[in-house]
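Residue-level structure breakdown
Here is how the chains run, residue by residue.
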Amino acid sequence: MSNVKTRPLYGRKLMSLFLTSIVTMGGFGAFFAFILSIAHKKLRVEVDPREEQVLNALPGANCGACGFASCRALAEAIVKGDAPVNSCVAGGSEVAEKISRLMGVGSVTVQKKLAFVHCGAQSEQRTKKAIYQGVKSCRAASIVMGADTACPYGCIGFGDCEVACPFNAIKMVGGLPQIDLNKCTGCGNCVNVCPQNIISLESFDDINYKVACSSLDKGKKARQVCQKACIACGLCEKFCPFDACEVKNNLAHIDLLNCQRCGVCAIKCPTNAIIQISLPLDENQPVTLDK
Amino acid sequence: MKIVLILLSAVLINNFVLRYFLGICPFLGVTGKISSSLAMGFSTTFVMTLTAAIVWPINHFVIVGLNLPFLEYVSDILVIASLVQLIEMFIRKTSPALYRSLGIYLPLITTNCGIFFLALSIPMRNYSFFESVAFGFGAGVGFTLVMLIMAGIREELEFADVPKCLQGASITLITAGLLALVFMGFTGLIGTS
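All chains use their own residue numbering, which begins from 1 and follows the written sequence. As they are written, the chains are lettered A onward and the ligands numbered 1 onward, keeping that order. Per-residue local features are limited, in this predicted model, to residues with pLDDT of at least 70; the limit for side-chain atom pairs, both in listing and counting, is 80 or more; totals at the level of whole chains, interfaces and linings are taken over all residues.

**Remarks on the overall build of chain B**
A count of helices and strands for chain B gives eight helices and zero strands. Along chain B, helices (α) and strands (β) appear in the sequence α-α-α-α-α-α-α-α when read from the amino end. Contact definition: two residues whose C-beta atoms, as placed from backbone geometry, lie within 7 Å. Intrachain contacts of chain B at a sequence separation of at least 6 include 82% that bridge at least 24 residues. A helix here means a DSSP run of H or I that spans at least four residues, while a strand means a run of E at least two residues long, and both kinds are numbered starting from the N terminus.

**Re the overall build of chain A**
Of regular secondary structure, chain A possesses eleven helices and ten strands. Counting only contacts in chain A whose residues sit at least 6 apart along the sequence, the fraction spanning at least 24 positions is 58%.

**Digging into the interface of chain A and chain B**
On the chain B side, the residues contacting the 16 residues of chain A number 18 residues. Note on residue categories: nonpolar means Ala, Val, Leu, Ile, Met, Phe, Trp, Tyr, Cys or Pro, charged means Asp, Glu, Lys or Arg, and polar means any other residue, Gly included. Class assignment for the residues of the side of chain A that touches chain B results in ten nonpolar, six polar and no charged.

**Examining the packing of helix α2 (residues 49-57) of chain A against helix α4 (residues 92-103) of chain A**
Residues and elements named next belong to chain A. Put simply, α2 and α4 touch, their axes get as near as 9 Å, and they point 170° apart. Classified by the interaxial angle, the pair formed by α2 and α4 is roughly antiparallel. Only V95, K98, I99, L102 and M103 of α4 make contact with α2, whose side of the interface consists of R50, Q53, V54 and A57. Taken together, the residues of the contact of α2 with α4 break down into six nonpolar, one polar and two charged. Axes here mean lines fitted to C-alpha atoms, for a helix over just the part in contact, with angles spanning 0 to 180 degrees between N-to-C directions. Under this scheme an angle from 65 to 115 degrees is roughly perpendicular, one under 35 degrees roughly parallel, and one over 145 degrees roughly antiparallel; angles in between are oblique.

**Digging into helix α1 (residues 2-13) of chain B**
Listing the buried residues of α1(B) in full gives I6(B), L7(B), S9(B), A10(B), V11(B), L12(B) and I13(B). Against α7 (129-157) of chain B lie the buried residues of α1(B). Three exposure classes are used, based on other C-beta atoms lying within 10 Å of a residue's own C-beta, which is placed from the backbone: buried for 20 or more, exposed for 12 or fewer, and partly exposed in between.

**Here's the deal with the pairing of strand β7 (residues 245-248) of chain A**
Residue and element names in this part refer to chain A. The pairing of β7 with strand β8 (residues 251-254) spans four bridges and is antiparallel. The residue of β8 that forms the bridge with K248 is L251. One bridge is not enough; two strands pair if DSSP finds at least two bridges between them. From the end of β7 to the start of β8, which pair antiparallel, there are two residues, and N249 there has a positive phi angle of about 55°.

**Thoughts on unusual backbone geometry**
Even without a glycine there, the phi angle at D243(A) is positive, about 55°. A count of 10 C-beta atoms within 10 Å places D243(A) in the exposed class.

**Comments concerning the nonpolar core**
One nonpolar core equals one set of buried Ala, Val, Leu, Ile, Met, Phe, Trp, Tyr and Cys residues connected by C-beta atoms within 7 Å. In this structure, V47(B), A52(B), V55(B), L83(B), I122(B) and F135(B) are the most contacted members of the largest nonpolar core, which totals 51 residues. Mapped by element, the contributors of at least two residues to this core are α1, α3 (34-64), α4 (72-94), α6 (113-125), α7 and α8 (169-184) of chain B. Ranked by residue count, the leading element in this core is α3(B), at twelve residues. Beyond its immediate chain neighbours, meaning those up to four positions away, F135(B) contacts I6(B), A10(B), A52(B), I122(B) and Y127(B). I156(A), C161(A), C184(A) and A229(A) belong to the second largest nonpolar core, which has 47 residues in total.

**Description of the confidence of the model for chain B**
Residues and elements named next belong to chain B. What pLDDT reports is the predictor's confidence in each residue, on a scale of 0 through 100. On average, chain B scores 87 in pLDDT, and the residues at 70 or more come to 98%. By mean pLDDT, the top-scoring element of chain B is α7 (93), and the lowest-scoring one is helix α5 (residues 96-102) (77). Two summary scores accompany this predicted model of the complex, namely pTM at 0.55 and ipTM at 0.75.

**Regarding the confidence of the model for chain A**
On average, residues of chain A carry a pLDDT of 80, and 90% of them reach 70 or more. Note that residues 281-291 of chain A has pLDDT below 50 and, in this model, 19 contacts with residues that lie over four places away or in other chains.

**Points about the environment of C187(A)**
Residues and elements named next belong to chain A. Looking at where C187 falls in the secondary structure, it is placed in the loop between β4 (176-179) and α7 (189-193). On the basis of neighbour counts, which here come to 25 C-beta atoms within 10 Å, the residue C187 falls in the buried class. Along the primary structure C187 and C88 are separated by 99 residues, whereas in three dimensions their C-alpha atoms are 8.6 Å apart. Look past the residues within four positions of C187 in its chain and what remains in contact with it is C63, A65, V89, A90 and P166.

**Section: the environment of R154(B)**
Residue and element names in this part refer to chain B. Counting through the fold element by element, R154 comes out in helix α7. Overall, the presence of 20 C-beta atoms within 10 Å leaves R154 in the buried class. R154 sits 122 residues away from G32 along the chain, and the two C-alpha atoms are 6.4 Å apart. In contact with R154, other than residues within four places in its own chain, are T31, G32 and T172.

**Observations regarding the environment of H118(A)**
All names here are of chain A. Structurally, H118 is set in the loop between β2 (113-117) and α5 (138-143). Given 23 C-beta atoms within a 10 Å radius, H118 is considered buried. Leaving out residues up to four positions away in the same chain, H118 has contacts with I198, S200, V211, A212, C213 and S214.

This is how it looks when you write it as structure tokens:
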């Protein structure tokens, strides 16, 4: 564009230049605005403003525990009414309360469940049956005859669950996952990833007695491969004053409904396979909300 | 025939990304996955073709016709911004998932220097209307092609054993440089252009 006139413009010529440029640009602007306004009418997407608010209330970790691909997908489903307001497992009662307020739903109860590892043996307490030199992953190791651990039921110890946890609640200590129950949200990612199926989501109270073993072997064999194994001796069953303990398939089980948290089973257990876990009371109680 | 030559030269020889180094931002930002890079390429092609088709008559009849050369940049920006708005609405309506995966890069097509370069270079090149549309379309196709190649390489790179000091951005930049070297090989394929 080299045909710019270098001679200065005055008077009517300058005015007409002003006018033409203003009219042309104004015309262009009006024309594009017209097209865009038509397009806006034709291509409008109805977005519920609550969707964004619900999304903001959710933790945003995209853990997938609710069954939806992401927090945004869950927010869409909640606003559409396809999912209940307390779907977010990870957020617990606090998030459910916020969302129920946004959605105008009355009372909501959230039963919080947290992850628990049904194996209590650190690597030096586990008998080795072989030397494993493969990929350092539980899933890979479990394919090769359960890695180097002699116990076919217990923890392999490469920490797939630690990697899977989106909330950094799991740390591998001595080859055994240690779950920080204050950080655990019960999303269940570790449950899905564990090839031994020794992690499960359990209800927790302020004091809990849990069986930290999954071995279904007979007592002698279980004892040979692990120092912490449940040997199905039946002492807990015998001494429990409330009939809460029961040995099924060579493994002790504690019935949460009958258990009165006396702790006799943990004291009597010869291998310390039954352990006590204490929690701060206020955080993990089931919460009922009233509007 | 000239149109085919213009098209080919815009795709391969005068490729905007690897010859002029324009539009590097989406080239490095959206090429993580083939699907999103393809979508980005198509959106940019759409905007480029329409920009060429609209800028040419505006330039020919208004800017030159009324002798208002100082309005060229402003009108170009107006055209590009409106087109990007349009395509943003369209993508949001037709595919919300794509809309989210493109994210900030979609409105950033507005400031894609490749498109602005295209709008500015059309009057400079003295093309006819159809030639300039072919040039815009070719530039878009070339952009899409390079995005696709880069995304394919980067998807493979995910599985490669890259030395630690080269991981991440550095290996991406090295790949881009090698690609630019490859495209230099097309120079002189079609006479001078």
